[in-house]
Amino acid sequence: MIPHVQLPGHAAGWTSKDRAAVAVDLGRSFRRTGFVFVHNHGIPDDLIGDVYTETRRFYQLAPAQKSLYDATEQSQFLGYRGLGRERSRIHGGTEACEQYRIGHTTEEATLSYAVDFYHGPFPKSLELLAHLTQLGDRTLAACALDLGLDEDAFTPYLIGSPLHRLGLNHYGASYPAHGGSAAGYAMSPHIDLSLLTILDQDEPGLEVRDRDGRWLEVPMVRGALFLFLGDYVQRWSNGRHRAAPHRVRRVERDRMSIQYKHRPDYGVVVRPLDVLIGPQEQPAYAPLNTGRDYVAVLRSILGG
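Residues numbered from 1 in each chain as written. Predicted model: local features only at pLDDT ≥ 70, side-chain atom pairs only at ≥ 80, totals over all residues. Heavy atoms only, no water.

**Q** What should I look at first to understand the overall build of the protein in this one?
**A** Scanning the protein from terminus to terminus reveals seven helices and 14 strands. In summary, the protein has a C-alpha radius of gyration of 18 Å against a globular reference of 19 Å for 304 residues, a match within 12%. Its C-alpha atoms put the protein at 55 × 40 × 40 Å along the principal axes. Across the 304 residues that make up the protein, the buried fraction comes to 55%. Sequence-distant contacts, at least 24 apart, represent 78% of the contacts inside the protein between residues at least 6 apart. Total accessible area computed for the protein in this model is approximately 13,100 Å², and 50% of it derives from carbon and sulfur atoms. Of the charged side chains in the protein, 33 are positive and 35 negative, and the gap between their average positions amounts to 4 Å. (Helix = DSSP H or I, 4+ residues; strand = E, 2+ residues; numbered from the N terminus. Rg over C-alpha atoms; globule rule 2.2 N^0.38 Å. Buried < 20%, exposed > 50% of the residue type's maximum accessible area, 1.4 Å probe, protein only. Contact = heavy atoms within 4.5 Å. Areas by Shrake-Rupley, 256 points an atom, 1.4 Å probe, with all protein chains shown as cover. Lys, Arg positive; Asp, Glu negative; His and termini not counted. Charge placed at Lys NZ, Arg CZ, Asp CG, Glu CD.)

Structure follows, in structure tokens:
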């Protein structure tokens, strides 16, 4: 079963009492499953609808027009990832979807174009990014409270250039033929290299794996957002909070998803926190550099 949690409205308005209550409700799900539907999040439905309109408009462009926005290492992987561009880490083929990324960048590298160039087709998506960033910040604070930490315990890792990103994804019903694999899914099973992910979909397709290894279909729930934890929170908490493995099955109808990833500053080294390692425990995860190591993963699946 996928748990459901009622939030106290938009994250910008939560009181200290609200934040404590959310920490209890979300923390229970993060320890058991790592995923949850959140209701009453306060993000306008019409804004989410506008983002789908922008996404649909972009993917209806001719291939040559879309390729003007190609994502490269020089764009810090902002922009367009065409069909067949992303290699699977599970099988020998590619992922059966088109993707686009907008969001924050770091000064560590020189962009091939100004950030505004890559954001140009998606003004409403930028508005949604700001709302989801607030929800991500509050959710991360809830993680800290549930772990017995101060609610601002993780804030120092997000005060420089946090690389929050919004993904706008298109899964075509005809796309699996291009994947080069007989796998029964359009996006391979994986855990996100992020703190947490917040997702909406306009058609079913997302599946999430529970602690017993069962794959659960994530239904469409009107007005709710699906929220799940990524690798970095699991690593910080030494496994007390669970990252959620997920995949996208082959779709029978064209499907779009809006996928927000909450991330720390570029180059933060994420390792189990000493305060969360018990006297009889050992760190369960090796350190991971969210700059160098993360870019290496993107190079491996997208090319240089």
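**Q** Hey, could you run me through the sheet that holds strand E11 (residues 246-249) in this one?
**A** Within a beta sheet, neighbouring strands are joined by backbone hydrogen bonds and run either parallel or antiparallel to one another. Here we have four strands laid out as an open sheet, ordered E6-E11-E8-E9, and antiparallel in their pairing. In this open sheet, the two strands that pair with only one neighbour each are strand E6 (185-190) and strand E9 (215-217). Pairs of neighbouring strands in the sheet enclose a mean axial angle of 25°, with direction left out of account. (Pairing = 2+ DSSP bridges. Axes fitted to C-alpha atoms, helices over the stretch in contact; angles between N-to-C directions.)

**Q** How should I be thinking about unusual backbone geometry in this particular structure?
**A** Negative phi values dominate among residues other than glycine, just as trans dominates among peptide bonds. Its identity is not glycine, yet Phe 77 carries a phi of approximately 65°, on the positive side. When you line up the elements, Phe 77 lands in the loop between helix H3 (63-67) and strand E3 (79-81). A residue is classified by how much of its surface remains accessible, and Phe 77, at 3% relative accessible area, is buried. We note that Asn 238 has phi near 55°; this positive angle belongs to a residue other than glycine. Here Asn 238 lies in the loop between helix H6 (231-236) and E11. Residue class for Asn 238 comes out buried when judged on its relative accessible area of 8%.

**Q** Would you mind showing me how to read the packing of helix H2 (residues 45-59) against helix H5 (residues 123-146) here?
**A** Axes are the key here: two packed helices are described by the angle between their axes and the distance separating the axes. Running from N to C, H2 and H5 point in directions that differ by 135°, and their axes come no closer than 8 Å. Compared by their axis directions, H2 and H5 come out oblique. Crossing of H2 over H5 shows left-handed handedness. Seen from H2, the contacting residues are Leu 47, Ile 48, Asp 50, Val 51 and Glu 54; seen from H5, they are Pro 123, Lys 124, Ser 125, Glu 127, Leu 128 and His 131. Residues of the contact of H2 with H5, tallied by class, amount to five nonpolar, two polar and four charged. (Parallel < 35°, antiparallel > 145°, perpendicular 65-115°, else oblique. Left-handed = near helix turned anticlockwise from the far one by under 90°. Nonpolar A, V, L, I, M, F, W, Y, C, P; charged D, E, K, R; others polar.)

**Q** I tried to follow empty space enclosed by the protein on my own but got confused; where do I start?
**A** Think of a ball as big as a water molecule: rolled over the atoms, this probe shows where empty space is left. As enumerated under the stated definition, the model contains two cavities of 30 Å³ or more in all. The computed volume of the second largest cavity comes to approximately 50 Å³. If you go around the second largest cavity, the residues you meet are Ile 48, Leu 128, Leu 132, Ile 198, Asp 200, Leu 225 and Ile 258. Elements that contribute at least two residues to the lining of the second largest cavity include exactly H5 and strand E7 (196-201). Among the residues forming the lining of the second largest cavity, the class breakdown is six nonpolar, no polar and one charged. (1 Å grid on protein atoms, 1.4 Å probe; cavity = no way out; pocket = protein on both sides within 12 Å on 5 of 7 lines; lining within 4 Å. Points joined across faces, edges and corners; volume = space filled by probe spheres on them.)

**Q** In this structure, what is going on with helix H7 (residues 292-302)? I would like to understand it.
**A** Within the sequence span of H7, burial applies to Tyr 294, Val 295, Leu 298, Ile 301 and Leu 302. In an axial view of H7, the angular spread of the buried residues amounts to 130°, which keeps them on one side of the axis. Those residues of H7 that are buried are in contact with E3, H6 and strand E14 (288-289). Backbone geometry just downstream of H7 places Gly 303 in the positive-phi region, at approximately 90°. (Arc of directions from axis to C-beta.)

The quantities given are spatial measurements derived from coordinates; they are silent on function.
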